[in-house]
Amino acid sequence: MSVIEEQILEQIKRYDTIIIHRHQRPDPDAFGSQLGLKEILKASFPEKKIYAVGKEVQGLAWINEDDNFMDVIPDATYNKALVIVTDTANAPRVDDQRWPAGLEVIKIDHHPNDEPYGDWQWVKDGHSATSTMIFEFYEKLKDQGLVMTKKAARLLYIGIIGDTGRFMYSIDSETFRVVSELFKYDFDYQEIHHAMATISENAAKLSGYVLQNISILPSGFAYVILTKELLKQFDLKDAGTAFVVPLPSKIDCVKSWAIFEEQDEGNYRVRLRSRTIAINKIANQFEGGGHPMASGAWAQNQGDIDRLINIVDSALSEKQDAEKED
Ligand code: AMP
């Protein structure tokens, strides 16, 4: 029995109020791990007050089946609360920065543990999803009072297919073992696949733009810059641009790629992906981080964009040269 999971459950049992956070700009694994854990704890300890906080995201509202998506709580709720943060590598990225006001803080995550914030950390670097960890947490401690529900299983499955790109990346036998256990709860997986696989008409048109306008360097690095004006033309509403991120991976010569998305403030959110070299250390140089093959970062201006392109391009070229010599 792993000690840390038992210690986490011990803390959960000690508190009447538990507040669960996750990262800003949440993806399905952030929601799945946060809301899945909330459902498990609600079912296991009906007498406790369990909250999940953070901004709502219209494009992912389908994930929640309840009327209220995220809980809105006053500052005073933190005075006697245990805080659990899921799927968030760095403290500044926690959505709702009141999290340190909790009496104790537990970090549960599957990113490299570059910033071990909080009083307790359970980090499985490289695990397929934080949602996978939440299922393992339940499974290891079900004899000590943890209860799984259909609703929780659905949320954890959403997290796992989100972070694995519907089983394209970061998969192993453990991922499929957990999924096979989750399937015993008989949730509607087709509804989930449909919601995750379809995009709006305008999003499809932007996808066409990305594939038409992507720059591909001889090293195998590809990038596209999405300006504010351009995004306005496509009128995506709150859908976000996550759907464009996997598109360059469909091009066989592309080895690493970046999507630069201009923000209202004039800086650029960078979504960096790779199937060869690790790019998270490069993301670290641009206020970012993440997994070796999937990271996020920031470019303040065109100079940063050029510098980032150069760094990834050089790293890929060096790898290419080294491979030629072998
Ligand atoms: P994204 O490109 O936003 O889908 O993020 C890809 C991965 O990188 C996710 O695991 C994120 O949690 C992580 N990530 C994104 N942006 C940042 C950032 N600024 N700092 C640290 N990690 C990040």
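Residues numbered from 1 in each chain as written. Predicted model: local features only at pLDDT ≥ 70, side-chain atom pairs only at ≥ 80, totals over all residues. Heavy atoms only, no water.

- In the nomenclature of an unreviewed UniProt entry, the protein chain corresponds to Bifunctional oligoribonuclease and PAP phosphatase NrnA from the organism Leuconostoc suionicum.

Overview of the overall build of the protein chain
Okay, so step 1: Secondary structure assignment for the protein chain yields ten helices and eleven strands.
Okay, so step 2: Taken over C-alpha atoms, the radius of gyration comes to 20 Å for the protein chain, in line with the 20 Å a tight globule of 326 residues would show.
Okay, so step 3: Looking at the protein chain residue by residue over its 326 residues, the buried ones come to 49%.
Okay, so step 4: In the protein chain, of all internal contacts separated by at least 6 residues, the share reaching a separation of at least 24 is 63%.
Okay, so step 5: When the accessible surface of the protein chain is totalled, it reaches about 15100 Å², and 48% of it is carbon and sulfur.
Okay, so step 6: One finds the centroid of the 36 positive side-chain charges in the protein chain at a distance of 2 Å from the centroid of its 51 negative side-chain charges. (Helix = DSSP H or I, 4+ residues; strand = E, 2+ residues; numbered from the N terminus. Rg over C-alpha atoms; globule rule 2.2 N^0.38 Å. Buried < 20%, exposed > 50% of the residue type's maximum accessible area, 1.4 Å probe, protein only. Contact = heavy atoms within 4.5 Å. Areas by Shrake-Rupley, 256 points an atom, 1.4 Å probe, with all protein chains shown as cover. Lys, Arg positive; Asp, Glu negative; His and termini not counted. Charge placed at Lys NZ, Arg CZ, Asp CG, Glu CD.)

Let's talk about empty space enclosed by the protein
Okay, so step 1: Within this structure, the stated rule accounts for one cavity of 30 Å³ or more.
Okay, so step 2: Of the volumes computed, that of the largest cavity is approximately 50 Å³.
Okay, so step 3: In terms of residues, the lining of the largest cavity owes the most to one element, helix 2 (residues 28-44), which gives three residues.
Okay, so step 4: Residues of the lining of the largest cavity, tallied by class, amount to three nonpolar, two polar and three charged. (1 Å grid on protein atoms, 1.4 Å probe; cavity = no way out; pocket = protein on both sides within 12 Å on 5 of 7 lines; lining within 4 Å. Points joined across faces, edges and corners; volume = space filled by probe spheres on them. Nonpolar A, V, L, I, M, F, W, Y, C, P; charged D, E, K, R; others polar.)

A look at the packing of helix 2 against helix 3 (residues 130-141)
Okay, so step 1: Where helix 2 meets helix 3, the axes come as close as 8 Å, and the angle between the chain directions of the two elements is 20°. Of the possible angle classes, the one that applies to helix 2 and helix 3 is roughly parallel. In this structure, the crossing between helix 2 and helix 3 has a hand that is left-handed. Only Thr130, Ser131, Ile134, Phe137 and Tyr138 of helix 3 make contact with helix 2, whose side of the interface consists of Asp29, Gly32, Ser33, Leu37 and Ile40.
Okay, so step 2: Residues that form the contact of helix 2 with helix 3 fall into these classes: five nonpolar, four polar and one charged. (Axes fitted to C-alpha atoms, helices over the stretch in contact; angles between N-to-C directions. Parallel < 35°, antiparallel > 145°, perpendicular 65-115°, else oblique. Left-handed = near helix turned anticlockwise from the far one by under 90°.)

Topic: the domain arrangement of the protein chain
One frequent convention defines the size of an interface as the accessible area lost when the parts assemble.
Okay, so step 1: Here the protein chain is described as being made up of domain 1 (3-196) and domain 2 (201-325).
Okay, so step 2: Together, the buried faces of domain 1 and domain 2 total about 730 Å²; carbon and sulfur atoms form 47% of this surface.
Okay, so step 3: The tally of links from domain 1 across to domain 2 stands at zero salt bridges.
Okay, so step 4: By residue class, the composition of the side of domain 1 that touches domain 2 is two nonpolar, four polar and three charged. (Domains from an automatic or database assignment. Buried area = accessible area lost by both parts, 1.4 Å probe. Salt bridge = Lys/Arg side-chain N within 4 Å of Asp/Glu carboxyl O.)

Some details on the site of the ligand
Okay, so step 1: Taken together, 15 residues are adjacent to the ligand, and Arg93, His111, Arg269, Arg271 and Arg273 come closest.
Okay, so step 2: In this structure, arginine 269 approaches the ligand through a side-chain N or O atom, which is 2.9 Å from an oxygen atom.
Okay, so step 3: Backbone polar atom of glycine 296 to an oxygen atom of the ligand: 3.3 Å apart, as the coordinates give it.
Okay, so step 4: Calculation on the ligand without its partners gives an accessible area of 480 Å², and the protein chains cover 89% of this total.
Okay, so step 5: The element that contributes the greatest number of residues to the shell around the ligand is strand 11 (residues 294-299), accounting for four residues.
Okay, so step 6: A breakdown of the residues in the shell around the ligand according to their chemical character gives two nonpolar, eight polar and five charged.
Okay, so step 7: Split by domain, the residues of the shell around the ligand number at least three in each of domain 1 (3-196) and domain 2 (201-325). (Near = heavy atom within 4 Å. Polar contact = N/O pair within 3.5 Å; in protein donor to acceptor, adjacent residues only side chain to side chain.)

Quick notes on the pairing of strand 9 (residues 268-274)
Okay, so step 1: With respect to burial, strand 9 is a largely interior element, seven of its seven residues being buried.
Okay, so step 2: Neither face of strand 9 is open: one carries Tyr268, Val270, Leu272 and Ser274, the other Arg269, Arg271 and Arg273, and all of them are buried.
Okay, so step 3: Relative to strand 9, strand 8 (residues 256-262) runs antiparallel, the two being bridged by seven bridges. If you follow tryptophan 257 over to strand 9, its bridge partner there is arginine 273.
Okay, so step 4: What sits between strand 8 and strand 9 in their antiparallel hairpin is a turn of five residues, with glycine 266 showing a positive phi close to 95°.
Okay, so step 5: Where strand 9 and strand 11 come together, six bridges link them in antiparallel fashion. Bridge pairing in strand 11 places leucine 272 opposite serine 295. (Pairing = 2+ DSSP bridges.)

Here's the deal with the sheet that holds strand 10 (residues 289-290)
As a general point, the strands of a sheet are linked pairwise by backbone hydrogen bonds and lie either parallel or antiparallel.
Okay, so step 1: Overall, mixed pairing links the six strands, which are arranged 6-7-8-9-11-10 in an open sheet. Two strands close off the open sheet at either side, each with one partner strand: strand 6 (215-216) and strand 10.
Okay, so step 2: Most of the contacts of helix 7 (residues 201-213) go to strand 7 (residues 221-226), to which it runs at about 130°, and overall it touches strand 6 and strand 7.
Okay, so step 3: On top of the sheet, helix 10 (residues 302-325) reaches strand 7, strand 8, strand 9 and strand 11; it is set at about 165° to strand 7, its chief contact.

Quick look at a negative patch on the surface
Okay, so step 1: Taken together, the side chains of Glu318, Asp321, Glu325 and Asp326 make up a negatively charged region of the molecular surface.
Okay, so step 2: Structurally, glutamate 318 is set in helix 10. (Patch = residues over 30% accessible without salt bridge, like charges linked within 9 Å, V, L, I, M, F, W, Y side chains within 5 Å.)

Re helix 5 (residues 173-182)
Okay, so step 1: Turning to helix 5, its buried residues number three or more, namely Thr175, Val178, Val179 and Leu182. Taken end-on, helix 5 shows its buried residues confined to a sector of 100°, consistent with a single buried face. (Arc of directions from axis to C-beta.)

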